[in-house]
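# Survey of secondary and tertiary structure
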Amino acid sequence: MAEPSRTKGVIKFAVWGILSVIMVWYTWHSYSSGQMVTWYYWEASEDGYAVEANGLRAGTKEKPVALEVGTFPAIAGLQAVKVKKGDRLPQGCNGIITEKVIKEGKRAALEGNTLKVMVPTQVREAKGFKYKDTFKHKGVKTNPWSGVQNLFMVIGMGFCLGYMAEGFTDMLGLKLHKIKHYEGAH
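Conventions and cut-offs
Residues numbered from 1 in each chain as written. Predicted model: local features only at pLDDT ≥ 70, side-chain atom pairs only at ≥ 80, totals over all residues. Heavy atoms only, no water. Helix = DSSP H or I, 4+ residues; strand = E, 2+ residues; numbered from the N terminus. Rg over C-alpha atoms; globule rule 2.2 N^0.38 Å. Buried < 20%, exposed > 50% of the residue type's maximum accessible area, 1.4 Å probe, protein only. Contact = heavy atoms within 4.5 Å. Areas by Shrake-Rupley, 256 points an atom, 1.4 Å probe, with all protein chains shown as cover. Lys, Arg positive; Asp, Glu negative; His and termini not counted. Charge placed at Lys NZ, Arg CZ, Asp CG, Glu CD. Polar contact = N/O pair within 3.5 Å; in protein donor to acceptor, adjacent residues only side chain to side chain. 1 Å grid on protein atoms, 1.4 Å probe; cavity = no way out; pocket = protein on both sides within 12 Å on 5 of 7 lines; lining within 4 Å. Points joined across faces, edges and corners; volume = space filled by probe spheres on them. Nonpolar A, V, L, I, M, F, W, Y, C, P; charged D, E, K, R; others polar. Core = buried A, V, L, I, M, F, W, Y, C linked by side-chain atoms within 4.5 Å. Pairing = 2+ DSSP bridges. Salt bridge = Lys/Arg side-chain N within 4 Å of Asp/Glu carboxyl O.

A few words on the overall build of the protein. Secondary structure summary: the protein contains four helices and 10 strands in total. Reading the helices (α) and strands (β) of the protein from amino to carboxyl end gives α-α-β-β-β-β-β-α-β-β-β-β-β-α. For the protein, whose C-alpha radius of gyration is 26 Å, the value lies well above the compact-globule estimate of 16 Å for 186 residues. Overall, the C-alpha framework of the protein stretches about 80 × 45 × 30 Å when taken along its three principal axes. Split into buried and exposed, the 186 residues of the protein put 31% on the buried side. Intrachain contacts of the protein at a sequence separation of at least 6 include 68% that bridge at least 24 residues. Accessible surface, the protein as shown: approximately 12600 Å² in total, 62% of it carbon and sulfur. Within the protein, one finds 25 positive and 16 negative side-chain charges whose respective centroids are separated by 3 Å.

Below, the structure written as structure tokens:
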């Protein structure tokens, strides 16, 4: 078989290098802009209040965390948005305090236009294992297409980087021979 042309190698390296940069940029932009997070926290799977659960960690029974309840397009800080099952979650939400939890009044309670969180984290036991139960990731439904999009981004980056590497070896004039795999003992 003929040796690969260095000119074709340079062209192959340049084209796949540009496509690799585009794929890496798109993936980074999707992550840094919050698109991946927004697709993960897509819809409410239960009725309740959408919150940013990381800000609730300081709450105790003696000094509960008070969240302002309103209709905010994005949750910033100590805010909560009332949601029904199937509603799109506001940006910045990463969990839901359900109506059931509020009715019990042990972990969170609604007082007028303020949602007070007394026990943001509790240790529970299930099937012999102890775990920390928080409001993070609770009551959310993910976008079913987000996993497919992420899979295609990873596969696309793999192809682009693989062909770019192949173009690089062709550009340098390296001829890499495949390893022969032998079956059985010799």
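The next subject is the side chain of N143. As for its placement among the helices and strands, N143 is situated in the loop between strand 10 (140-141) and helix 4 (144-172). At 3.0 Å, the side chain of N143 forms a polar contact with the backbone nitrogen of W145. Setting aside chain neighbours within four positions, we find N143 in contact with W39, Y40 and W42.

Turning next to the layout of surface pockets. Empty space within the largest pocket amounts to approximately 280 Å³. Along the wall of the largest pocket there are 15 residues; nearest its centre are T98, V101, R107, R124 and D133. Of all the secondary structure elements, the ones that give two or more residues to the lining of the largest pocket are strand 5 (95-98), helix 3 (99-104) and strand 9 (129-133). Split by residue class, the lining of the largest pocket holds five nonpolar, three polar and seven charged.

Right, let's talk about the nonpolar core for a bit. Membership of the largest hydrophobic core comes to 15 residues, with the highest contact counts inside it found for L56, L67, I97 and L115. Listed by contribution, the elements that provide at least two residues to this core are strand 2 (48-51), strand 3 (65-69), helix 3 and strand 7 (114-117). The element contributing the most residues to this core is strand 3, with three residues. Counting residues in each nonpolar core, the second largest holds 11 residues, with Y41, A44, A50 and I96 among its members.

Right, let's get into the pairing of strand 9. Pairing geometry for strand 8 (residues 122-126) and strand 9, over five bridges, is antiparallel. Directly across from R124, in strand 9, lies its bridge partner Y131. Here strand 8 folds back onto strand 9 in antiparallel fashion, the turn holding two residues, of which K127 has a positive phi close to 55°.

This next bit is on the pattern of salt bridges. Per the counting criterion, the structure on display carries eight salt bridges. One salt bridge connects E166 with K12, and the closest N-O pair in it is separated by 2.1 Å. Here E166 is found in helix 4, whereas its partner K12 is found in helix 1 (residues 6-32), with 154 residues between them in sequence. A residue is classified by how much of its surface remains accessible, and E166, at 37% relative accessible area, is partly exposed. A salt bridge links E43 to K141; its shortest N-O distance comes to 3.9 Å. With a gap of 98 residues between them, E43 in strand 1 (residues 43-44) and K141 in strand 10 connect regions that are remote in the sequence. Among the charged side chains, a salt-bridge network with shared partners connects R107, R124, D133 and K138.

The values are spatial; any link to function lies outside them.
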